[in-house]
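Structure assessment
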Number of protein chains: 2
Amino acid sequence: MTEPSLWHAQYAVLDGRVERDVLIETARRLISSVTPGQRPPPPRAQRLAGLVIPGLANAHSHAFHRALRGRAQRAGGDFWSWRALMYQVAERLNPETYRDLARAVYAEMALAGITAVGEFHYLHHDRGGRPYSNPNAMAESLITAAGEAGIRLTLLDTCYLRGGFGRPLEGPQLRFGDADAEAWAVRASAVPPADHVRRAAAIHSVRAVDEPGMKLVRDWAAERGAPLHVHVSEQPAENDQCRATTGRSPVELLADHGVLGAKTTAVHATHLAPDDIALLGGSGASVCLCPTTERDLADGVGPASSLAAAGARLCLGSDSHAVIDLFEEARAVELDERLTGGRRGIHRPEALLRAATAHGMAALGFQAGAIAVDQQADLVAVDLDSPRLAGADSDDLLPSAVFAATAADVTAVVASGRLIVRDRRHLLIDDVPRQLTAAIEAVMGR
Amino acid sequence: MTEPSLWHAQYAVLDGRVERDVLIETARRLISSVTPGQRPPPPRAQRLAGLVIPGLANAHSHAFHRALRGRAQRAGGDFWSWRALMYQVAERLNPETYRDLARAVYAEMALAGITAVGEFHYLHHDRGGRPYSNPNAMAESLITAAGEAGIRLTLLDTCYLRGGFGRPLEGPQLRFGDADAEAWAVRASAVPPADHVRRAAAIHSVRAVDEPGMKLVRDWAAERGAPLHVHVSEQPAENDQCRATTGRSPVELLADHGVLGAKTTAVHATHLAPDDIALLGGSGASVCLCPTTERDLADGVGPASSLAAAGARLCLGSDSHAVIDLFEEARAVELDERLTGGRRGIHRPEALLRAATAHGMAALGFQAGAIAVDQQADLVAVDLDSPRLAGADSDDLLPSAVFAATAADVTAVVASGRLIVRDRRHLLIDDVPRQLTAAIEAVMGR
């Protein structure tokens, strides 16, 4: 690989401030020096026009849900009826179609400035729950997909043992389930390593994993210092069932079993009581908000500012991929709280960008998300000459990008030191839209 | 003008359905024939790739607010403190800078597929309220701007007489006010005609126009068969003041004075009582939702589905231009109600597209917004090969566009029979982003 190792950003976000003419040196995958005010740029530096931000972290993804985009919008119903549609897609996938779809989706993410993704992976087995001859065939499909798309992957190998409190796995869920938590651990431990992959764990939810299972997954992650993610309180019905069965809220149950902590990420955390907020914040956990999915699935608006005030680190995910645009996710955190609270300026623009970058990378176990020495060399150039950002004040480039940029404004992306997007084109995947179309048609039919 | 008068759409939305290979003939400014299933296209037809939808109607615009994009996001506060920032911009404008800014903003709209705009125009006079030597200098700036950008304009000449219930105009508001309603009518009647312009009226709000003034504006519009727009219940404080002063809600007050009717558009209509909803619906009025502005200004989520069920016609505006993207406005109507109601599929995708097209055009007084004979010849091509829409099912192109397309996916625009955007470039305005930057810097400084 002979990528240039010297970059010159017209503007760059350094430690929450925007600096001009920033020279960034990279050595292998890391940033080795950062020097603002370098004018003129050295001749051998590759120019990055516009505003350069750290790589965006998509901390919660189910890649295959991308096949539902647009298809699930005629249906009415609620989260649970949407889930039935999603299960129909899950039933159709095999290791090849899963790989091809994930590769195209990860390439779409790369075009949107995402340099690392957390894949909440539960589609482990063949139909009916039969293991593939390679029990991690599906996980390896994701690893291949991310590698080919040029982004890092945190494989959140998900433990999913039951269909609900006291209910067995049913129908498509059989594909998600290992025989028990020990079998999950044996399989998850056998996922092969790769340079671009962080191997990690997930508890699907309190409804899908029993209490001994939670503890086992917790210990597995703790032994490895690995991130541990868990869906929490996306829907009131889950809270009701959990309280009826265990006498506790999902957050209380997780706290009681030692699942919360600085390496834990609670995904959604939408319907919380004040005690839940205090527990999550006090544990130093991350909370992954997925606002465009929470809008799409009618989940509601979570208490993001209260969580942040209590000590939780907010990060972001595009989850079901109704859209893939981390700028939209970031501003939605603020805008949706404005709608419910009647006040503006709840989250500072710098905090929203941090959620989309450094906090997300931390939740995924990567030393990344800032343009600083020893961080992963992830750089994302945002066009300041689009109709959306034209006229932005040079003192307000950061809020302008957070509140007005879109995925379409990303022009260049460096991921772990490698240029993977230039002039809005993916350099490793030819014609991403065509590959998306082919991969989706292979699953859904024409 | 030698524009081609024969168009061939790969797909087109006809009467809420998507048809293939649609041949569309235009004669002067109107559509003269529409024929689906024309394969191969006649050689002289100009090809429109992707999904062709009717022209988008931006039914509520304050063009000059575009200068605040990104600049007003560091501030906290609420709607009223945001208004103070907006007033600072209003103070700086003159007929030349107003024209240049509006032209660039209307060109941004054209690039986003908007073929007609309703400008809620209240910045009538020079500082301190001194009339310009041409009393309609500012209105004529807007007329020139829309003409140069190639889109139609409904000039909603706005009556603004007082700073609030029982309060005189103050500071920047002096520029908005005519001496009294009669003086407003004299000036509004003198706005010159133009082919691309519909002259119409607005009552700024119940707080800014007294009851005799409302009646006069109502009669002025009725005599001319002109659209009449009015800001209604954007903020609870307005409702409280109105009820304290008049004993009625803003909607009740407008209804009592005969302001509501089929040519009336209530803008925002966010904080309504059930009686207000019944009055608006029963009158056959339009309601213009501005969801991205309502998010931005922390206004809240209005009762859109109840209004539609009661008989109101929903339409859309980008209002403060925090973003200019009618696709985002359209889906936000549904998504924000999902957040507050916990249900999906409240508004059908076809209804959301109709709000963005036919309903908006009706609210602006244009026979447009459908691809059908005798409608204004407005055609907007949406790229189906972007990462956002790739993989869309051919049976679900309409919901896919409504829920996943963005302004950046508009590739070509025909407005009143004239091709104004091709290959994402404005054909009449060279380098729209540069003109936006220049126009905003001329007002705000560098």
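These lines cover the structure that appears in this document, whether it is placed above or below. (Residues numbered from 1 in each chain as written. Chains lettered and ligands numbered in written order. Predicted model: local features only at pLDDT ≥ 70, side-chain atom pairs only at ≥ 80, totals over all residues. Heavy atoms only, no water.)

Re the sheet that holds strand 7 (residues 152-159) of chain A
Through backbone hydrogen bonds, the strands of a sheet pair up, either in parallel or in antiparallel fashion. All names here are of chain A. One open sheet accounts for eight strands, arranged 5-6-7-8-9-10-11-12; its pairing is parallel. Each edge of the open sheet carries a strand with a single partner, namely strand 5 (56-61) and strand 12 (313-316). Here the strands of the sheet are splayed against their neighbours by 25° on average, with no regard to which way each runs. Here three bridges tie strand 8 (residues 197-203) to strand 9 (residues 228-232), and the two strands are oriented parallel to one another. Within strand 9, the residue paired with Ile-203 across the bridge is Val-230. Docked against the sheet, helix 4 (residues 181-189) engages strand 7 and strand 8, running at close to 160° with respect to strand 7. (Pairing = 2+ DSSP bridges. Helix = DSSP H or I, 4+ residues; strand = E, 2+ residues; numbered from the N terminus. Axes fitted to C-alpha atoms, helices over the stretch in contact; angles between N-to-C directions. Contact = heavy atoms within 4.5 Å.)

A short note on the relation of the copies chain B and chain A
The two copies are related by a screw motion: chain B maps onto chain A through a turn of 180° and a shift of 0.0 Å along the axis, at an RMSD of 0.0 Å. The operation mapping one copy onto its partner corresponds to a two-fold rotation axis. Identified as the residue of chain B closest to the rotation axis by C-alpha distance is B:Ala408, at 3.3 Å. A shared interface surface links the copies, since 100% of the contact residues of chain B are contact residues in chain A too. (Least-squares fit on C-alpha atoms with pLDDT ≥ 70 in both.)

Observations regarding the pattern of salt bridges
Counted according to the given criterion, the structure contains 64 salt bridges over all chains. Two residues, A:Asp296 and B:Arg344, come together in a salt bridge whose shortest N-O distance is 3.4 Å. With A:Asp296 in helix 9 (residues 291-296) and B:Arg344 in the loop between helix 11 (326-341) and helix 12 (349-356), this residue pair bridges two chains. Taken as a pair, A:Asp296 and B:Arg344 share a single burial class, namely buried. Sharing partners across several salt bridges, the network here consists of A:Arg74, B:Arg348, B:Glu350 and B:Asp396. (Salt bridge = Lys/Arg side-chain N within 4 Å of Asp/Glu carboxyl O. Buried < 20%, exposed > 50% of the residue type's maximum accessible area, 1.4 Å probe, protein only.)

Side note on the packing of aromatic side chains
For the structure shown, the criterion picks out 18 aromatic pairs over all chains. With centroids separated by 5.0 Å and ring planes inclined at 75°, the aromatic side chains of B:Tyr160 and B:Phe176 adopt a geometry described as edge-to-face. Here B:Phe176 lies in the loop between strand 7 (152-159) and helix 4 (181-189) and B:Tyr160 lies in the loop between strand 7 and helix 4, a separation of 16 residues in the sequence. For B:Phe176, a relative accessible area of 1% corresponds to the buried category. Seen in terms of ring centroids, B:Trp184 and B:Trp220 are 5.2 Å apart; in terms of plane orientation they differ by 65°. Their pairing is edge-to-face. Note that B:Trp184 is positioned in helix 4 and B:Trp220 in helix 5 (residues 211-224), a separation of 36 residues in sequence. Just as B:Trp184 is buried, B:Trp220 falls in that class too. If you follow A:Arg152 out to its NZ or CZ, it ends over the ring of A:Phe366, 4.7 Å from the centre. (Phe/Tyr/Trp six-rings, centres within 6.5 Å; stacked < 30°, edge-to-face > 60°. Lys NZ or Arg CZ within 6 Å of the ring centre and 35° of its normal.)

Brief notes about the environment of B:Leu30
All names here are of chain B. Mapped onto the secondary structure, Leu-30 falls in strand 3 (residues 30-35). The spacing of Leu-30 and Met-214 is 184 residues in sequence and 35 Å in space, taken between C-alpha atoms. Setting aside residues up to four positions removed in sequence, Leu-30 forms contacts with Glu-25, Asp-374, Gln-375, Gln-376 and Ala-377.

Here's the deal with the side chain of B:Arg152
Residue and element names in this part refer to chain B. You can see Arg-152 is positioned in strand 7. Within the local environment of Arg-152, its side chain forms a polar contact with the side chain of Asp-378, the two groups lying 2.6 Å apart. Leave out the neighbours within four places in its chain, and Arg-152 touches Thr-115, Ala-116, Val-117, His-196, Met-361, Phe-366, Ala-368, Gln-376, Asp-378 and Ser-416. (Polar contact = N/O pair within 3.5 Å; in protein donor to acceptor, adjacent residues only side chain to side chain.)

Brief notes about the interface of chain B and chain A
Of the residues lining the interface, 54 residues belong to chain B; the matching set on chain A comes to 54 residues. Buried area between chain B and chain A, summed over both chains or domains, comes out near 4,800 Å², and the portion from carbon and sulfur atoms is 50%. Per-residue buried area on chain B facing chain A is highest for B:Arg74, B:Leu339 and B:Arg344; these three make up 18% of the total on that side. Here chain B and chain A share 12 salt bridges between them. (Buried area = accessible area lost by both parts, 1.4 Å probe.)

Some details on helix 6 (residues 236-246) of chain A
Residues and elements named next belong to chain A. For helix 6, the full list of buried residues reads Glu-238, Asn-239, Cys-242 and Thr-246. The buried residues of helix 6 all sit within an arc of 100° when viewed along its axis, so they share a single face. Away from its buried face, by an angle of more than 90 degrees, helix 6 presents the exposed residues Asp-240 and Ala-244. Buried residues along helix 6 sit in contact with helix 5 (211-224), strand 9 and helix 7 (250-256). Where helix 6 ends, the next residue or the one after it, Gly-247, has phi of about 75°, a positive value. (Arc of directions from axis to C-beta.)

Description of the state of the cysteines
A covalent bond between the sulfur atoms of two cysteines is what we call a disulfide. All names here are of chain B. Going through the model one piece at a time under the given rule, you end up with zero disulfides over all chains. In this model Cys-159 remains outside any disulfide bridge; the closest cysteine sulfur is found in Cys-242, 16 Å from its own. Here Cys-288 is not disulfide-linked; the sulfur of Cys-315 is the nearest cysteine sulfur, at 4.1 Å. (Disulfide = S-S within 2.5 Å.)

Points about the packing of helix 11 (residues 326-341) of chain A against helix 14 (residues 397-404) of chain A
Residues and elements named next belong to chain A. Interaxial distance between helix 11 and helix 14 falls to 7 Å at its minimum, and their mutual angle equals 85°. The pairing of helix 11 with helix 14 is recorded here as roughly perpendicular in orientation. Contact residues: helix 11 offers Phe-327, Ala-330, Arg-331, Glu-334, Leu-335 and Arg-338, while helix 14 offers Ala-401, Val-402, Phe-403 and Ala-404. Each residue belonging to the contact of helix 11 with helix 14 can be placed in one class, and the counts come to seven nonpolar, no polar and three charged. (Parallel < 35°, antiparallel > 145°, perpendicular 65-115°, else oblique. Nonpolar A, V, L, I, M, F, W, Y, C, P; charged D, E, K, R; others polar.)

What about the layout of surface pockets?
Of the volumes computed, that of the second largest pocket is approximately 610 Å³. Forming the boundary of the second largest pocket are 31 residues, of which B:Gln10, B:Tyr11, B:Gly50, B:Leu384 and B:Asp385 lie nearest the centre. Elements represented by at least two residues in the lining of the second largest pocket include exactly helix 15 (432-444) of chain A together with strand 1 (6-14), strand 4 (46-54), strand 14 (410-415) and strand 15 (418-422) of chain B. If you tally residues by element for the lining of the second largest pocket, the top one is strand 4 of chain B, at five residues. Partitioned by chemical class, the residues of the lining of the second largest pocket number 12 nonpolar, eight polar and 11 charged. (1 Å grid on protein atoms, 1.4 Å probe; cavity = no way out; pocket = protein on both sides within 12 Å on 5 of 7 lines; lining within 4 Å. Points joined across faces, edges and corners; volume = space filled by probe spheres on them.)

Some details on the sheet that holds strand 8 (residues 197-203) of chain B
Residues and elements named next belong to chain B. With respect to topology, eight strands assemble into an open sheet ordered 5-6-7-8-9-10-11-12, the strand pairing being parallel. Either end of the sheet is taken by a strand with one partner, and the two such strands are strand 5 (56-61) and strand 12 (313-316). Mean inter-strand twist for the sheet, computed between neighbouring axes without regard to direction, equals 25°. The strands touched by helix 5 within the sheet are strand 7, strand 8 and strand 9 (228-232), with strand 8 carrying the most contacts at an inclination of about 160°.

Thoughts on the packing of helix 4 of chain A against helix 5 of chain A
Residue and element names in this part refer to chain A. It is at 9 Å that the axes of helix 4 and helix 5 come closest, and there the two elements cross at 25°. Between helix 4 and helix 5, the interaxial angle falls into the category roughly parallel. Here the hand of the crossing between helix 4 and helix 5 comes out right-handed. Here helix 4 contributes Ala-181, Glu-182, Trp-184, Ala-185, Ala-188 and Ser-189 to the contact with helix 5, which in turn contributes Gly-213, Leu-216, Val-217, Trp-220 and Arg-224. (Left-handed = near helix turned anticlockwise from the far one by under 90°.)

A closer look at empty space enclosed by the protein
What the rule picks out here adds up to 10 cavities of 30 Å³ or more. Of the volumes computed, that of the largest cavity is approximately 450 Å³. Surrounding the largest cavity, 35 residues form its lining, A:Glu328, A:Arg331, A:Phe403, B:Val323 and B:Glu328 being those nearest its centre. Of all the secondary-structure elements, those providing two or more residues to the lining of the largest cavity are helix 11 and helix 14 of chain A together with helix 9 (291-296) and helix 11 of chain B. Here the residues of the lining of the largest cavity are counted per class, giving 17 nonpolar, seven polar and 11 charged.

Thoughts on the pairing of strand 13 (residues 379-382) of chain A
All names here are of chain A. What you see with strand 13 is no split at all: Leu-379 and Ala-381 on one side and Val-380 and Val-382 on the other are buried throughout. Direction of pairing for strand 4 (residues 46-54) relative to strand 13: antiparallel, over a ladder of four bridges. Paired with Leu-51 across the two strands is Val-382, which belongs to strand 13. Bridging between strand 13 and strand 14 (residues 410-415) involves four bridges; their strand directions are antiparallel. Residue pairing in the sheet places Ala-381 in a bridge with Ala-412 of strand 14.

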